[in-house]
Amino acid sequence: MAGLAESGGSSSAFAPARLWLMLPSWVLIGFFLLLPVLMMLIYSFLTKEFRGGVIWEFSLASYDKFFFDRGLFGDEPPRIEWTYLGIFWRSAWQAGLATLLCLLVGFPTAWFIATRPARSRAIWLFLVTVPYWVNLLIRTVSMKFMIRDNGPVNEWLMALGVLDAPITMINTNFAVQLGLFYSYLPFMVLPIYAAVERYNFALSEAAADLYASRWQTLRLVVLPVVKPGIVAGSILVFVPSLGAFLAPDLLGGAKNWMIGSLIEDQFKGAAGNWPFGAAVAMVLLSIVLIVLFLYARSQNRVSG
Amino acid sequence: MSPIARYPGFLPVTILCLVILYAPLLVVMVYSFNESTSITRWGSFSLVWYAEVFSGPESAIFKAAAWNSLIIAIAAATSATVIATSAALAMLRAGTFRGKTASFALINLPLMVPEIVTAVATLIFFSAIGFQRGLLTILLAHIVFCIPFAYLPIAARLQGIEAHFEEAAMDLYATRWQALRLVLLPLMLPGIMAGFLLAFIISLDDFIITNFVKGAGIETLPTAIFGAVKQGIKPNIMAISTLMLLVSVLVVTASYFLSKLGNHNS
């Protein structure tokens, strides 16, 4: 372990070749991600052409369409357009609830794993992470299969006598939250686990000596210390949930659109409005970058 | 661990967590062996749906899709691993240099941009420069988002190897290239293989970006499965899912043990 800190970054045996060593990453990611994002920014200010495509003419129409409603013929005084803001709001709400669900299940799980003997910890962690590597589409389809009207969950609940008749879970907001929860749960467990593993349990003992109950200790002593892990986990779940496509599309149905479906519809679906799709994607990217920026800034403040 | 660390109720939640994670996958696996054509009723144990996958009416589509997926995953993971290994050497064995922070941010950029945004941006880019969409566009997009996943285990491994190794080699008149090829790369091998396997899985897993940048008529397994699922979940989909699931679990387990193997040496 000592070698980790010593050798990392300090050796410079390959310093003369560093330009060549970095070049492939710069070319690939610069050319096929950075440049495309800039191109998308430009496209969001272009004029749409009928059925896909764009006309190279500057226009604010896409952002105007996103924020303002000017009536059917575009000649009324602008009012706030709630359709797309509503989809963003619903996405944030769904992603937020999924994050909360992940936290409620993920925190006790992470705590439980971190307090196992070192040998069995690795096995528990492995068990929690394996499903993440199973194809997301397959996991989402499996969830759809589980919770459909005459699926196993309804059958089990009826067999147990909890339900008299099957309840509809598919195509509801709950199904979307469950799908997002299922997709990103390990992202919550891992950072909290890392934080709890570093936690000094002498603090809990001190609290207990001073007559704090277990739950008081958890709330007043443990939570403030492991908060960075909780925040990191929440961001890791919230950010991909916000732009998710598969869970809302397969589990939410047509009535429960999220941002991902709105964007997809502009390119692959019926809407066929590329500049508008680019604008919606820009808004999503901006929100995500702001969240990440605020997070990075709060991290810097913590570490001094 | 001291009893103070024990909270009643945390074990049941952990078990609930594992049940939620595994139950849907296990149920799909079990139902893939169901003889009945109805996905709701259990008939008897049978392999008909596996036979259907390999020789049924849709088998040609799935076979072509599986080949595309495999070729792209191998090519993308190989390229990403080479690029990530080279980047890890620059980040950890080349001292400090101008643009190092920016380079690190760049390597991680694919993790920060939401997938759907990457998909849209890449589609717009290829369309704007008039690049015919097909296997090559899928491959290029896959290499980009595989780089950070390959980078993580490779950099972690390299960080654990002390600099004395290549310094000793170079003191004994090995050239820089010889020190890399004969000393450092063999030591990095477990990390490089783990990185390759993770990149392979990530490429095999991708649906959204592939769906945007693929040409008409070209499918990978996830896009083919998505198309089929839109018509309803049929038992043959469960058989394919089970096969893919097993591949993922095998590859991840291999990657896990490779990373562990690495830790023992350093």
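Residues numbered from 1 in each chain as written. Chains lettered and ligands numbered in written order. Predicted model: local features only at pLDDT ≥ 70, side-chain atom pairs only at ≥ 80, totals over all residues. Heavy atoms only, no water.

A. Seen up close, the overall build of chain A. Within chain A, the secondary structure is distributed over 13 helices and 4 strands. Its C-alpha radius of gyration of 24 Å places chain A more than 25% over the 19 Å reference for a compact globule of 304 residues. Considered along the principal axes of its C-alpha atoms, chain A spans approximately 75 × 70 × 35 Å. Within chain A, counting contacts between residues at least 6 apart in sequence, those at least 24 apart form 62% of the total. On chain A, the mean spot of the 21 positive side-chain charges and the mean spot of the 17 negative ones are 8 Å from each other. (Helix = DSSP H or I, 4+ residues; strand = E, 2+ residues; numbered from the N terminus. Rg over C-alpha atoms; globule rule 2.2 N^0.38 Å. Contact = heavy atoms within 4.5 Å. Lys, Arg positive; Asp, Glu negative; His and termini not counted. Charge placed at Lys NZ, Arg CZ, Asp CG, Glu CD.)

B. Region of interest: the nonpolar core. In this structure, Met-40, Trp-111, Ile-147, Ile-263 and Leu-284 of chain A together with Ile-124 of chain B are the most contacted members of the largest nonpolar core, which totals 186 residues. Once residues within four sequence positions are removed from consideration, Met-40 of chain A is found in contact with Ala-278, Ala-281, Met-282 and Leu-285 of chain A together with Val-117, Val-120, Ala-121 and Ile-124 of chain B. (Core = buried A, V, L, I, M, F, W, Y, C linked by side-chain atoms within 4.5 Å. Buried < 20%, exposed > 50% of the residue type's maximum accessible area, 1.4 Å probe, protein only.)

C. View of the packing of helix 8 (residues 173–198) of chain A against helix 10 (residues 214–242) of chain A. Residue and element names in this part refer to chain A. Contact pair helix 8 / helix 10: the axes reach a minimum separation of 8 Å and the direction vectors enclose 160°. Judged by the inter-axis angle, helix 8 sits roughly antiparallel to helix 10. Viewed along their axes, helix 8 and helix 10 form a crossing whose handedness is right-handed. Here Leu-180, Tyr-184, Phe-187, Met-188, Pro-191, Ile-192, Ala-195 and Val-196 of helix 8 come into contact with helix 10, specifically with Val-226, Gly-229, Ile-230, Ala-232, Gly-233, Ser-234, Leu-236, Val-237, Pro-240 and Ser-241. For the contact of helix 8 with helix 10, the class distribution of residues is 14 nonpolar, 4 polar and no charged. (Axes fitted to C-alpha atoms, helices over the stretch in contact; angles between N-to-C directions. Parallel < 35°, antiparallel > 145°, perpendicular 65-115°, else oblique. Left-handed = near helix turned anticlockwise from the far one by under 90°. Nonpolar A, V, L, I, M, F, W, Y, C, P; charged D, E, K, R; others polar.)

D. Examining the side chain of Ser-32 of chain B more closely. All names here are of chain B. Along the chain, Ser-32 turns up in the loop between helix 1 (10–31) and helix 2 (48–55). The exposure class of Ser-32 is buried, given its relative accessible area of 0%. A polar side-chain atom of Ser-32 sits 3.4 Å from a polar atom in the side chain of Thr-242. Ignoring anything within four residues of it in the chain, the contact list for Ser-32 reads Ser-46, Trp-49, Tyr-50, Met-238, Ala-239 and Thr-242. (Polar contact = N/O pair within 3.5 Å; in protein donor to acceptor, adjacent residues only side chain to side chain.)

E. Spatial organisation of helix 4 (residues 100–112) of chain B. Taking 1.5 Å per residue as the helical rise, helix 4 of chain B with its 13 residues ought to reach 18 Å, and the 18 Å between its terminal C-alpha atoms agrees with that figure. Largest kink in helix 4 of chain B: about 30°, centred on Leu-106 of chain B, with the proline Pro-110 of chain B one to four residues after it. Here helix 4 of chain B has its buried residues at Lys-100, Ser-103, Leu-106, Ile-107, Asn-108, Leu-109 and Pro-110 of chain B. Lining the buried residues of helix 4 of chain B we find helix 2 (18–43) of chain A together with helix 3 (59–92) and helix 6 (135–160) of chain B. (Expected span 1.5 Å × (residues − 1). Bend = angle between axes of the 7 residues up to and from the residue.)

F. How the structure looks around a nonpolar patch on the surface. Residue and element names in this part refer to chain A. A contiguous nonpolar surface patch, about 790 Å² in accessible area, is contributed by Leu-19, Trp-20, Leu-23, Val-27, Phe-31, Leu-35, Leu-38 and Leu-41. When you line up the elements, Leu-23 lands in helix 2. Note on Leu-23: relative accessible area 37%, which makes it partly exposed. (Patch = residues over 30% accessible without salt bridge, like charges linked within 9 Å, V, L, I, M, F, W, Y side chains within 5 Å. Areas by Shrake-Rupley, 256 points an atom, 1.4 Å probe, with all protein chains shown as cover. Salt bridge = Lys/Arg side-chain N within 4 Å of Asp/Glu carboxyl O.)

G. Structural detail: the pattern of salt bridges. Considering all chains together, one arrives at 8 salt bridges over all chains under this definition. With a closest N to O distance of 3.4 Å, Asp-69 of chain A and Arg-79 of chain A form a salt bridge. Highlighted residues: Asp-69 of chain A in strand 3 (residues 68–69) and Arg-79 of chain A in strand 4 (residues 79–80), separated in sequence by 10 residues. A relative accessible area of 24% places Asp-69 of chain A in the partly exposed class. Residue Lys-230 of chain B pairs with Asp-249 of chain A through a salt bridge whose shortest N-O separation is 2.6 Å. Separated into two different chains, Lys-230 of chain B in the loop between helix 10 (221–229) and helix 11 (235–265) and Asp-249 of chain A in helix 11 (residues 246–252) make up a pair that spans both. Several salt bridges converge on common partners, so that one network encompasses Asp-69, Glu-76 and Arg-79 of chain A.

H. The arrangement of helix 8 (residues 176–205) of chain B in detail. The first and last C-alpha atoms of helix 8 of chain B sit only 37 Å apart over 30 residues, clearly below the 44 Å expected at 1.5 Å per residue. Where helix 8 of chain B bends most, at Leu-189 of chain B, the angle is about 55°, and the proline Pro-190 of chain B comes one to four residues later.

I. Focus on the interface of chain B and chain A. Counting from both sides, the interface comprises 99 residues of chain B and, opposite them, 93 residues of chain A. When chain B packs against chain A, close to 9,100 Å² is buried across both sides, 79% of that on carbon and sulfur atoms. Between the two partners, chain B and chain A, sit 1 salt bridge. Our count for the chain B to chain A interface comes out at 14 residue pairs in polar contact (both at pLDDT 80 or more). Residues of the side of chain B that touches chain A, tallied by class, amount to 74 nonpolar, 17 polar and 8 charged. (Buried area = accessible area lost by both parts, 1.4 Å probe.)

J. Examining the packing of helix 2 of chain A against helix 3 of chain B more closely. With their axes 8 Å apart at the nearest point, helix 2 of chain A and helix 3 of chain B run at an angle of 130° to one another. When the interaxial angle is binned, helix 2 of chain A and helix 3 of chain B end up oblique. The way helix 2 of chain A lies across helix 3 of chain B gives a crossing that is left-handed. The residues of helix 3 of chain B that touch helix 2 of chain A, namely those facing Arg-18, Trp-20, Leu-21, Met-22, Pro-24, Ser-25 and Leu-28 of chain A, are Ile-83, Ser-86, Ala-87, Leu-89, Ala-90 and Met-91 of chain B. Taken together, the residues of the contact of helix 2 of chain A with helix 3 of chain B sort by class into 10 nonpolar, 2 polar and 1 charged.

K. Layout of the confidence of the model for chain B. Confidence along chain B averages 88 in pLDDT terms, with 95% of residues attaining 70 or more. In the predicted assembly, ipTM is 0.88 and pTM is 0.89. (pLDDT = per-residue confidence, 0-100.)

L. Region of interest: the confidence of the model for chain A. All names here are of chain A. Residues with a pLDDT of 70 or more make up 95% of chain A, whose mean pLDDT is 87. Put simply, helix 1 (residues 2–7) is where chain A has its lowest mean pLDDT, 36, and helix 2 is where it has its highest, 94. Scored below 50 in pLDDT, residues 1–9 makes 15 contacts in the model with residues more than four places away or belonging to other chains.

M. Seen up close, unusual backbone geometry. All names here are of chain A. Phi is positive for Asn-171, which is not a glycine, with a value near 60°. Phi at Tyr-211 takes a positive value of approximately 65°, unusual for a residue other than glycine. Inspection of the secondary structure puts Tyr-211 in the loop between helix 9 (202–209) and helix 10.

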